[in-house]
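In case you want the letters, here they are:
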Amino acid sequence: MSDPQQIKVVDAFDLDDELRSLLRPGDLVRDAAGRRHRLPRYFYEVASHEAAVDIRLAPHFGLNEFILVDLKEAPRLQAFPRYVPCAVRMLAFFLEQFRVAVNASVHIAVNGGYRSPAHRMSGNASPHMWGTAADIYKVGGSIVKTKELIDRFNDVAEELSDDVKVLPYGHETGTTVDDHIHIDLGYVLVVPREISEDRMEVPQATQPRFAFEERRRRERRLAAPEK
Amino acid sequence: MVAKAQVTDEKLPVTPPKDSVAASEISLYRNTLKIKKEHDLEALGISFYDTETTLQWSFNADQYFHAASTMKLAVLLGVFREIERGELALDAPVHVRNRFTSIVNQEPFMLDLSRDADPDVYGHLGKALSVRELAYWMITRSSNLATNLLVDVVGIPKIQLALDELEIDGVKILRGVEDQAAFDAGLNNEVTANGLLKLLRYIADGRAYSRKASDAMLAIMLEQQYRGGIPAGLPKAARVAHKTGNISTVHHDAGIVFLDGRKPYVLVILTQFEAERGRGTAVAEVSRDLYNTMAGLSYE
């Protein structure tokens, strides 16, 4: 497994306008039940396809497996450098446990790992937008498309942890699955150690700022007693 | 123009000269009726256009038939419309997934692997293939999975829009492949021989959106791997850019025929028969008859 320090961590607020509008760091989005969740802010920046292959998030999972998308993803986000929420490392950890439990290779489908809020499959808030969900289409040599297989693997996944959620077999898009296993950890936000969350503490004068930050700074200045 | 085709000796009000185009047309007509009878066809539609001589001929060419896989030509046209407009890239990756939505009830359905002519695309389930690869498999191996994936990418309205923009009447595209609920509701893709001929003429003439797009479509169609239709009635040297269409009650072929030393001709042959009878060699026989007629014609 590669050293996390080798992967560049970025605060998505510091990315360019187009990337910020696509990744929407910190935005609140509603899930299917109407609950609101805040989108991730800290991402791994992946420089190239080769780097994505080289970076091992777990012994049997390369970072590249979590960023496979097709034309449903925004074109800018299909190009390198790519961005994936830092919580993806937790997902890889659980998938490694799942792999051990089923004693077979585990294959994530295209569009089955991280999907940005701009991805055409991103309607309501889905853990895929947090990098904490995986759609597994093949286990070992078996394409997962029968109720029997999906039920069996769902049982295995649920045994891993109470934090793991799966979707039952069925034909209703979004709430059930019939051609893959869906495993997710929920709306997990990860703040890497090397990051300070206080943008006031770490001024980044050369980076674009948001109106609310400028307002906060102005308010602080006004509130400060004159010397 | 002098035709060398032989006309049978049946009595006509005015007997055309034996080497005339009229005599060739009469010969074609009689042979067509003979083929239709011999193969016990319920319906036969033929449309023909020769870009070398501008000669055209048709038989029952405005009757609608179940399109079967000839609808994939319209999908191909829709794909290249989007590419020409910059809305789609040939190299764009597409997730290969066997899960589609019926146009009737929005219920999901999956394709039956055993009915698809191209198991190779299934080997990429869960992975991605490019738009170019899907278009290739859709035409050359008549892959239903590739077709439905491209229909999902482009959308039925855009495919029909492509046909409307080029004023191609006689090709109605309502849905993808194996949408049983739509089939049960009587919603089927339909084509006429004249409709498909017009579509193919756009491609043959380099006018299907652009010369580049037309050439790209032609290159794919020339790679056709099923040679039992029009090519079966031609000399081996003939190159045919074509698309077949088969279900239990129809057998079609629509193609552009390239022969050495002359411009291509465009030919569409649609046949319909009882399911129990099965498809025969009618398409190849019509193709052979037309080729023989063309080979017998010379121009002064």
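In short, a report on the structure. (Residues numbered from 1 in each chain as written. Chains lettered and ligands numbered in written order. Predicted model: local features only at pLDDT ≥ 70, side-chain atom pairs only at ≥ 80, totals over all residues. Heavy atoms only, no water.)

## A closer look at unusual backbone geometry
Reasoning step 1: The residue after Phe80(A), namely Pro81(A), is reached through a cis peptide bond having omega 0°.
Reasoning step 2: Relative to the helices and strands, Pro81(A) is located in the loop between helix H3 (75-78) and strand S7 (82-85).
Reasoning step 3: Positive phi, close to 60°, is recorded for Glu178(B), a residue that is not glycine.
Reasoning step 4: In this fold, Glu178(B) is placed in the loop between strand S9 (171-172) and helix H7 (180-184). (Helix = DSSP H or I, 4+ residues; strand = E, 2+ residues; numbered from the N terminus.)

## Brief notes about the sheet that holds strand S3 (residues 56-59) of chain B
Residue and element names in this part refer to chain B.
Reasoning step 1: Read from one edge of the open sheet, 5 strands run S3-S2-S13-S12-S11, paired in antiparallel fashion. Each edge of the open sheet carries a strand with a single partner, namely S3 and strand S11 (239-246). Ignoring strand direction, the axes of neighbouring strands in this sheet form an average angle of 5°.
Reasoning step 2: Across 8 bridges, strand S12 (residues 250-258) lies against strand S13 (residues 265-272) in antiparallel orientation. Looking at S13, one finds that Val257 is bridged to Tyr265. (Pairing = 2+ DSSP bridges. Axes fitted to C-alpha atoms, helices over the stretch in contact; angles between N-to-C directions.)

## Quick look at the interface of chain B and chain A
Reasoning step 1: Each side of the interface is counted separately: chain B has 15 residues, and chain A has 16 residues.
Reasoning step 2: Both sides together, the interface formed by chain B and chain A hides about 1200 Å², and carbon and sulfur atoms give 56% of it.
Reasoning step 3: For the pair chain B and chain A, the number of links is 8 residue pairs in polar contact (both at pLDDT 80 or more).
Reasoning step 4: The greatest single-element share of the side of chain B that touches chain A, amounting to 3 residues, is contributed by strand S5 (residues 93-95) of chain B.
Reasoning step 5: Classifying every residue of the side of chain B that touches chain A gives 10 nonpolar, 2 polar and 3 charged. (Contact = heavy atoms within 4.5 Å. Buried area = accessible area lost by both parts, 1.4 Å probe. Polar contact = N/O pair within 3.5 Å; in protein donor to acceptor, adjacent residues only side chain to side chain. Nonpolar A, V, L, I, M, F, W, Y, C, P; charged D, E, K, R; others polar.)

## Overview of the sheet that holds strand S1 (residues 8-11) of chain A
Residue and element names in this part refer to chain A.
Reasoning step 1: Spatial strand order, S1-S4-S7: 3 strands in an open sheet with antiparallel pairing. Taken across any chain shown, the strands that pair with only one partner, and hence form the sheet edges, are S1 and S7. Going from strand to strand, the sheet's axes swing by 40° on average, the running direction of each strand aside.
Reasoning step 2: Where strand S4 (residues 42-46) lies against S7, 4 bridges are found, and the strand directions are antiparallel. Residue pairing in the sheet places Tyr44 in a bridge with Val84 of S7.

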